[in-house]
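Each chain, written out:
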Amino acid sequence: MPKEKPELSDAMRAKMTRKTPMKNPINGTKFTIAISSAKGGVGKSTFATNLALALKQIGCKVGLLDADIYGPSIPKMFNINEKPKSDGQKLEPIVKYDIQCMSIGFLTDQQTPMIWRGPMVTSAIKTFTQKVNWKDLDFIIVDMPPGTGDTQLTFSQEIKMDGAIIVSTPQEVALLDVKRGIKMFDKLGVKILGLIDNMSYFTGDDGKKYKIFGEGGVKKTADEFKKEFLGEIPINPEIGKTGDDGKPIVESKPNHEISKIYLEFANKIKSTYL
Ligand code: ADP
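Residues numbered from 1 in each chain as written. Predicted model: local features only at pLDDT ≥ 70, side-chain atom pairs only at ≥ 80, totals over all residues. Heavy atoms only, no water.

Caption draft 1: Region of the structure containing the overall build of the protein. Secondary structure assignment for the protein yields ten helices and ten strands. Computed over the C-alpha atoms, the radius of gyration of the protein is 18 Å, within 12% of the 19 Å expected from 2.2 N^0.38 for a compact globule of 274 residues. Once the C-alpha set of the protein is aligned to its principal axes, its extents read approximately 60 × 45 × 40 Å. Residues counted as buried form 52% of the 274 residues belonging to the protein. Residue pairs in contact within the protein that sit at least 24 positions apart in sequence constitute 78% of those at least 6 positions apart. Carbon and sulfur atoms make up 51% of the accessible area of the protein, which amounts to about 13200 Å² in all. (Helix = DSSP H or I, 4+ residues; strand = E, 2+ residues; numbered from the N terminus. Rg over C-alpha atoms; globule rule 2.2 N^0.38 Å. Buried < 20%, exposed > 50% of the residue type's maximum accessible area, 1.4 Å probe, protein only. Contact = heavy atoms within 4.5 Å. Areas by Shrake-Rupley, 256 points an atom, 1.4 Å probe, with all protein chains shown as cover.)

Dropping the structure here:
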């Protein structure tokens, strides 16, 4: 059994208990939804991009904000290579697949590592939320970095966040971090819409379901913390391939069985808010 990590550092706890400043909505949008994961590589960006595309497909106006400053994924997953225009005051989001997008990856060379300290990250997040010309959106989907760090704190404390979805794989080691993520959003007063079990099983050529990363762990964690379990997304090579090709599965194969799963999540979110 992996050893449980200490929950939150003292510095983090002190920051979180400081007087909460006024929370402003992101200009130009009705609702801001964070897609979060406690660990990297569990499929958070894949979920964020496909959810944004699914919401668009059911008639919502959607923005996608890549808040993963150290590891932006949207430029690759949406195959965007242009730089956003600026009028000296505000940045114009780049519109792709009818979605307004912004990412630090649009402003930097994709292969250059971001070596930034916390305050610089905070300032980049403020730019993306206050100085981007987001226009007439129903939802901004925010692809958060993994973990419980400065980005999560900046968002939760300064921006009106309408909900968070936590994506995890069913492995024990991922679930330990999920519990910390749940506690963080609870402490920061951000409503957790629910948990997603990604890569929950693989269906073999024999038609059998193989639970490669274990079984039922995400649902159990959701139950333990009285959060909603939103459902499972199986392992499917098409998900990875379409993401790598810059046109995620919901956009490139809207009738695929996997796309239908994302559409169900999108319908649920739409009916919760609109
Ligand atoms: P994160 O944002 O959590 O770091 P990514 O969304 O970048 O994770 O996903 C990590 C890798 O896993 C990517 O190569 C992605 O294509 C792949 N992936 C994500 N979800 C699935 C899935 N359900 N089935 C197959 N591959 C997946």
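Caption draft 2: Geometry of the packing of helix α2 (residues 44-57) against helix α10 (residues 257-273). Orientation of α2 relative to α10, taken along the N-to-C sense of each, is 65 degrees, at an axis distance of 8 Å. Compared by their axis directions, α2 and α10 come out roughly perpendicular. Here the hand of the crossing between α2 and α10 comes out right-handed. For the pair α2 and α10, the contacting residues are Thr46, Phe47, Asn50, Leu51, Ala54, Leu55 and Gln57 in the first and Tyr262, Leu263, Phe265, Ala266, Ile269 and Lys270 in the second. (Axes fitted to C-alpha atoms, helices over the stretch in contact; angles between N-to-C directions. Parallel < 35°, antiparallel > 145°, perpendicular 65-115°, else oblique. Left-handed = near helix turned anticlockwise from the far one by under 90°.)

Caption draft 3: Geometry of the site of the ligand. Around the ligand, the surrounding shell holds 16 residues, and the nearest of these are Gly41, Lys44, Ser45, Thr46 and Pro234. In the environment of the ligand, an oxygen atom lies 2.5 Å from a nitrogen or oxygen atom belonging to the side chain of Thr46. Protein contacts shield 78% of the accessible area of the ligand, which totals 560 Å² for the unbound molecule. Elements supplying a minimum of two residues to the shell around the ligand: α2 and α8 (237-244). Looking at the shell around the ligand element by element, the count peaks at three residues for α2. (Near = heavy atom within 4 Å. Polar contact = N/O pair within 3.5 Å; in protein donor to acceptor, adjacent residues only side chain to side chain.)

Caption draft 4: Focus on the sheet that holds strand β7 (residues 192-198). Strands sit in the order β3-β4-β2-β5-β1-β6-β7-β10 across an open sheet of eight strands; the sheet is mixed. One side of each edge strand has no neighbouring strand; the edge strands of this open sheet are β3 (94-96) and β10 (229-233). On average, each strand axis in the sheet is inclined to that of its neighbour by 25 degrees, with strand direction left out of account. When β7 meets β10, the two strands line up parallel, connected through four bridges. (Pairing = 2+ DSSP bridges.)

Caption draft 5: Examining the nonpolar core more closely. In terms of nonpolar packing, the biggest core is built from 78 residues, with Phe47, Leu51, Leu55, Ile141 and Ile165 touching the most fellow members. The contacts of Leu55, once residues within four sequence positions are left out, are Cys60, Val62, Phe139, Ile141, Ala266, Ile269 and Lys270. (Core = buried A, V, L, I, M, F, W, Y, C linked by side-chain atoms within 4.5 Å.)

Caption draft 6: Molecular detail of the pairing of strand β6 (residues 163-168). For β6, the tally of buried residues reaches six of six residues, placing the bulk of the element in the interior. Taken together, the five bridges between β6 and β7 define a ladder with parallel strand orientation. In the strand pairing of β7, Val167 is matched with Ile196. Crossover connection from β6 via helix α6 (residues 172-188) to parallel β7: handedness right-handed. (Right-handed = clockwise from strand over helix to strand, strands pointing away.)

Caption draft 7: Highlighting unusual backbone geometry. If you check the backbone angles, Asn79 has positive phi at about 50 degrees while not being a glycine. Within the secondary structure, Asn79 is located in the loop between α3 (74-77) and β3. Its identity as a non-glycine residue notwithstanding, Tyr97 has a phi of 50 degrees, on the positive side.

Caption draft 8: Structural detail: the environment of Trp116. Counting through the fold element by element, Trp116 comes out in the loop between β4 (99-103) and α4 (118-130). Between the alpha carbons of Trp116 and Gly59 there is a distance of 38 Å; along the sequence they are 57 residues apart. When residues no more than four places from it in sequence are discounted, the contact partners of Trp116 are Ile69, Tyr70, Ile104, Val121 and Ala124.

Caption draft 9: Spotlight on a nonpolar patch on the surface. A grouping of Phe202, Tyr210 and Ile212 is seen on the molecular surface, where their side chains present a nonpolar patch of about 270 Å² in accessible area. Residue placement: Phe202 occurs in strand β8 (residues 202-203). The exposure class of Phe202 is partly exposed, given its relative accessible area of 31%. (Patch = residues over 30% accessible without salt bridge, like charges linked within 9 Å, V, L, I, M, F, W, Y side chains within 5 Å. Salt bridge = Lys/Arg side-chain N within 4 Å of Asp/Glu carboxyl O.)

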